[in-house]
Amino acid sequence: MRRKCTNAIPTSSVQLSRMPDHFSVELSSVDSSEPKPNIIIMLMDDVGWNDLGAFGNPAMETPNLDKMAKEGALLTDFYSASPVCSPTRASLLTGRLPIRNGVYSDIEHAENAYVSVRHIGGIPDSEILLPEILREAGYTSMLVGKWHLGHEEAHLPLNHGFDHFFGSPGCHFGPFDSVNFPVYRDSEMIGRYFEEFVIDENTGLSNMTQLFIEEGLSFIKEQATKDDPFFLYWSPDATHTPLYASHAFRGKSQRGLYGDAIMELDSGVGLILELLRELQIDQNTFVFFTSDNGAAIYAGEEGGSNGQFLCGKGITFEGGMREPSIAWWPSHIQPGIVSHQVGSSMDLFTTSVILAGLSVPEDRIIDGSSLLPSLLEQEVDPERTVFYYRGNEMMAIRRGMYKAHYWTWVGPLKTGDPSSTQPSNCFGQGVPGVTSEELTDHTDCPLLFHLGKDPGEKYPIPNDSHEYMDTMLTIRAVVTNHKRDMVPGEPQLNICGEPEDIFSPPGCEKIDKCVPVSEGTDLEPYNCSEDPYL
């Protein structure tokens, strides 16, 4: 469906000198005489902007994260690179939009995709990941938790720069009748979810978060005895359905199993920060906490809260991509600051590279910017731009305080409807003229909001107002530059099949966990549009 303006918008006369939609970096924010800092990125799964006490959750069940915010910087306007998991994770580690790094699908227009059990694609070899670059500066890198960038051996973490890995290539979906996702230590599987690594779907009990905490702590302790810096990418996934928590936390929250999972993750953050203090490496360790997308509204009580923001996971309204984010670096970041700098998970790539004393790759467009001017010097770029993508389509753009929706879609606004084939990503939040159950083209007349006055995106600025026309002149020029210079990567999530490395991963024979592919199964790759389960 396409909507047009009742008033013509003048053709842009704004000259931006082919302004790039990626940003240069400043090296001056880091003292090169200091030792290279350790880097810890904590990426949560489906945690919403309003799930932390520091971000206004009334349950106040995240004391360690709240303390982290008091000791560091709370970022109010920080975004994921995508409203779903795999594309965000790829963008965080490459510094590039999903449409550039290839972790997207273009089978259907403007449709989300992630690495499911059926996909055989993953992060391309042509992409340069953060641990690959950090290795040049002597960093040892470990991923703990969820990878979600490909199941096949060529796509696994140790083939993309990580030195160590404890976790799974996928999420803990399941249990399945055929085969469950493998759990790896480094390059070989050591068991499977719901089998050796128990998740009780009836009680919600599992010790997985405790294992992820222990692995992170052990890695830090070991690296602290060495002279070289380390990079820990800590990515637990207990807040993704099916939810789980350990005995010590089960039933402790006011918010059910989801709240239990949040409390346990919060405890893990506290233990990691306390260990850094005990080892006296806290002042030389940059820590950043964020989430891969907004809370899963469709999960109901098993999902989190996006607070005042519209919709949730999967959607390009604010609730789907604005994330609870905290930066912590004692003696460098002034305690208790609140940063309103617009930022993106892609910025963690650029920021980390600069912290390591290196330069970002010059043979490709890097969309991430450095967060250091805002975190260390409280500088704010009022014209910072964020692009909101679903699949192959730029759905929206934020520049400064203004956000323009070029396309909208929220899916069904009701949940529990037997006739609906999709869950509600915006349950109970329908806004007439704004949320649309059909994919709607607003390119001729984008919906424009001022997020300072209207963070919930409920009141579009009238398209016949001077504010609308003046703002859209600049935004249209930015979008024109962005699309003119865009060279999409080859979409990696178009091809499905039976990923053999889920059935028989490296090392499965050592623990007798190889699962033969069913007789008669066609192992030839096929277009995902032909898959009845996707």
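**As for the overall build of the chain**
Along the backbone of the chain there are 11 helices and 19 strands. In terms of C-alpha radius of gyration, the chain reaches 22 Å, essentially the compact-globule figure of 24 Å for 534 residues. In terms of overall dimensions, the chain has C-alpha extents of about 70 × 60 × 50 Å along its principal axes. Taking all 534 residues of the chain together, the buried fraction comes to 61%. Total accessible area on the chain is roughly 20400 Å²; 49% of this is exposed by carbon and sulfur atoms. Averaged over its 37 positive side-chain charges, the chain has a centre that lies 5 Å from the centre of its 76 negative ones.

**Re the pairing of strand S2 (residues 73–79)**
When you tally the buried positions in S2, you get 7 out of 7 residues, the bulk of the element. In this structure, S2 lies alongside strand S9 (residues 322–328), joined through 5 bridges in antiparallel fashion. In the strand pairing of S9, Leu74 is matched with Ile326. Relative to strand S10 (residues 337–339), S2 runs parallel, the two being bridged by 3 bridges. Note on S10: the bridge partner recorded for Leu75 is Ser339.

**Some thoughts on the side chain of Glu127**
Locating Glu127 in the fold gives a position in the loop between helix H3 (98–101) and helix H4 (130–135). With relative accessibility at 5%, the residue Glu127 sits in the buried group. Side-chain polar atoms of Glu127 contact the side chain of Arg96, separated by 2.9 Å. The contact partners of Glu127, leaving out residues within four places of it in the chain, are Thr94, Arg96, Arg100, Asn101, Glu132 and Arg364.

**Let's talk about the pattern of salt bridges**
Applying the stated criterion across every chain yields a total of 26 salt bridges. Ionic pairing is found between Lys226 and Glu222, a salt bridge with its closest N-O pair at 3.5 Å. Overall, the relative accessible area of 42% leaves Glu222 in the partly exposed class. The salt bridge involving Asp260 is made with Arg250; its shortest N-O contact spans 2.7 Å.

**What about the sheet that holds strand S17 (residues 447–450)?**
Reading across the sheet, the 4 strands line up as S12-S13-S14-S17 and stay open at both edges, with antiparallel pairing between neighbours. Single-partner strands in this sheet number two, and they are strand S12 (385–390) and S17. On average, each strand axis in the sheet is tilted by 20° relative to the strand beside it, whichever way the strands run. Alignment of strand S14 (residues 402–405) against S17, held across 4 bridges, turns out to be antiparallel. Bridge pairing links Tyr402 to His450 in S17. Docked against the sheet, helix H10 (residues 466–485) engages S12, strand S13 (393–399), S14 and S17, running at close to 125° with respect to S13.

**Here's the deal with the packing of aromatic side chains**
For the coordinates displayed, the defined rule picks out 17 aromatic pairs. Here Phe165 and Tyr184 contribute two aromatic rings whose centre-to-centre distance is 6.0 Å and whose plane-to-plane angle is 25°, an arrangement assigned as stacked. With Phe165 in strand S4 (residues 164–168) and Tyr184 in strand S5 (residues 182–185), this residue pair connects regions lying 19 residues apart in the sequence. With respect to class, Phe165 is no different from Tyr184; both count as buried. With 6.2 Å between their ring centres and 80° between their planes, Phe176 and Phe181 make a pair best called edge-to-face. A relative accessible area of 1% places Phe181 in the buried class. A connected cluster of aromatic rings, assembled from ring pairs, spans Phe78, Phe286, Phe288 and Trp329.

**Considerations on the state of the cysteines**
One pass over the full model with this rule turns up 3 disulfides. Residue Cys496 pairs covalently with Cys528 via a disulfide, S to S 2.1 Å. Because the torsion about its S-S bond is 105°, the bridge between Cys496 and Cys528 counts as right-handed. You can see Cys496 sitting in strand S18 (residues 495–496) and its partner Cys528 sitting in the segment after strand S19 (526–527), a full 32 residues away along the chain. Assigned by exposure class, Cys496 and Cys528 land together as buried. The disulfide that involves Cys508 links it to Cys514, with 1.9 Å between the sulfurs. Taking the sign of the torsion about the S-S bond as the criterion, the disulfide between Cys508 and Cys514, at about 90°, is right-handed. For Cys514, a relative accessible area of 34% gives the class partly exposed.

**Points about helix H6 (residues 256–278)**
Here H6 contains 23 residues, and its C-alpha end-to-end distance of 33 Å stays within 8% of the 33 Å for a straight helix at 1.5 Å per residue. Within H6, 18 of the 23 residues are buried, which leaves the element mostly enclosed by the surrounding structure.

**Topic: the confidence of the model for the chain**
Counting all residues, the mean pLDDT for the chain is 92, and 92% of those residues have values of 70 or more. Low confidence marks residues 22–28, where pLDDT is under 50. Its contacts with residues over four positions away, or in another chain, come to 17 contacts. Segment residues 416–420 is flagged for pLDDT under 50; beyond a separation of four residues in sequence, or across chains, it makes 1 contact in the model.

Cut-offs and rules
Residues numbered from 1 in each chain as written. Predicted model: local features only at pLDDT ≥ 70, side-chain atom pairs only at ≥ 80, totals over all residues. Heavy atoms only, no water. Helix = DSSP H or I, 4+ residues; strand = E, 2+ residues; numbered from the N terminus. Rg over C-alpha atoms; globule rule 2.2 N^0.38 Å. Buried < 20%, exposed > 50% of the residue type's maximum accessible area, 1.4 Å probe, protein only. Areas by Shrake-Rupley, 256 points an atom, 1.4 Å probe, with all protein chains shown as cover. Lys, Arg positive; Asp, Glu negative; His and termini not counted. Charge placed at Lys NZ, Arg CZ, Asp CG, Glu CD. Pairing = 2+ DSSP bridges. Polar contact = N/O pair within 3.5 Å; in protein donor to acceptor, adjacent residues only side chain to side chain. Contact = heavy atoms within 4.5 Å. Salt bridge = Lys/Arg side-chain N within 4 Å of Asp/Glu carboxyl O. Axes fitted to C-alpha atoms, helices over the stretch in contact; angles between N-to-C directions. Phe/Tyr/Trp six-rings, centres within 6.5 Å; stacked < 30°, edge-to-face > 60°. Disulfide = S-S within 2.5 Å. Expected span 1.5 Å × (residues − 1). pLDDT = per-residue confidence, 0-100.

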